[in-house]
Amino acid sequence: MASESTEFEKLSEEQIKVLEGGFKDCKYPDGTTLMLVAAECGLSEEDTRKWFKQRNAKWRQSEGLPAELGSVLD
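About the criteria used
Residues numbered from 1 in each chain as written. Predicted model: local features only at pLDDT ≥ 70, side-chain atom pairs only at ≥ 80, totals over all residues. Heavy atoms only, no water. Axes fitted to C-alpha atoms, helices over the stretch in contact; angles between N-to-C directions. Helix = DSSP H or I, 4+ residues; strand = E, 2+ residues; numbered from the N terminus. Parallel < 35°, antiparallel > 145°, perpendicular 65-115°, else oblique. Left-handed = near helix turned anticlockwise from the far one by under 90°. Contact = heavy atoms within 4.5 Å. Nonpolar A, V, L, I, M, F, W, Y, C, P; charged D, E, K, R; others polar. Phe/Tyr/Trp six-rings, centres within 6.5 Å; stacked < 30°, edge-to-face > 60°. Buried < 20%, exposed > 50% of the residue type's maximum accessible area, 1.4 Å probe, protein only. Lys NZ or Arg CZ within 6 Å of the ring centre and 35° of its normal. Salt bridge = Lys/Arg side-chain N within 4 Å of Asp/Glu carboxyl O.

Trainee: Give me the packing of helix 2 (residues 13–25) against helix 3 (residues 31–41): which residues, what numbers.
Mentor: When two helices pack together, their arrangement is given by the angle between their axes and by how far apart the axes lie. The contact between helix 2 and helix 3 brings their axes to 9 Å, and the two run at 165 degrees. Our classification of the angle between helix 2 and helix 3 gives roughly antiparallel. Relative to helix 3, the crossing made by helix 2 is right-handed. Touching Gln 15, Val 18 and Leu 19 of helix 2 are Val 37, Glu 40 and Cys 41, all from helix 3. The residue inventory of the contact of helix 2 with helix 3, partitioned by class, reads four nonpolar, one polar and one charged.

Have a look at this one:
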């Protein structure tokens, strides 16, 4: 089984552009937004959800926050 990082290395530039655009608009999209983004980039909702989770962890780390949601004191 491939790791998540190698799984997303296979995305096209257009898919990444759509995903990053969705992330810029909303870092924690609801189910409907995930469905729309997934349809636009041709990914499953589960893969789109995983991408957002991984992207959020990367963003939170760059901001000096814990990788997972929760208390800053965690």
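The structure having been displayed, the exposition proceeds.
Trainee: Can you break down the packing of aromatic side chains residue by residue, with the values?
Mentor: Following the criterion strictly, the structure yields three aromatic pairs and no others. Ring geometry for Phe 23 against Phe 52: centres 6.4 Å apart, planes inclined by 45 degrees, an arrangement best described as tilted. Of the two residues, Phe 23 is situated in helix 2 and Phe 52 in helix 4 (residues 45–62); the sequence distance between them amounts to 29 residues. Side by side, Phe 23 and Phe 52 carry an identical accessibility label, which is buried. Taken together, the ring pairs connect Phe 23, Trp 51 and Phe 52 into an aromatic cluster. The ring of Trp 59 has Lys 27 sitting right over it, with the charged end atom 5.0 Å from the ring centre.

Trainee: Outline the pattern of salt bridges, listing residues and values.
Mentor: Scanning the model with the defined rule gives two salt bridges in all. Where Arg 55 meets Glu 20, a salt bridge forms, and the shortest distance between an N and an O atom there is 3.0 Å. Residue Arg 55 is located in helix 4, and its partner Glu 20 is located in helix 2; the two are separated by 35 residues in the primary sequence. The exposure class assigned to Glu 20 is partly exposed, which follows from its relative accessible area of 29%.

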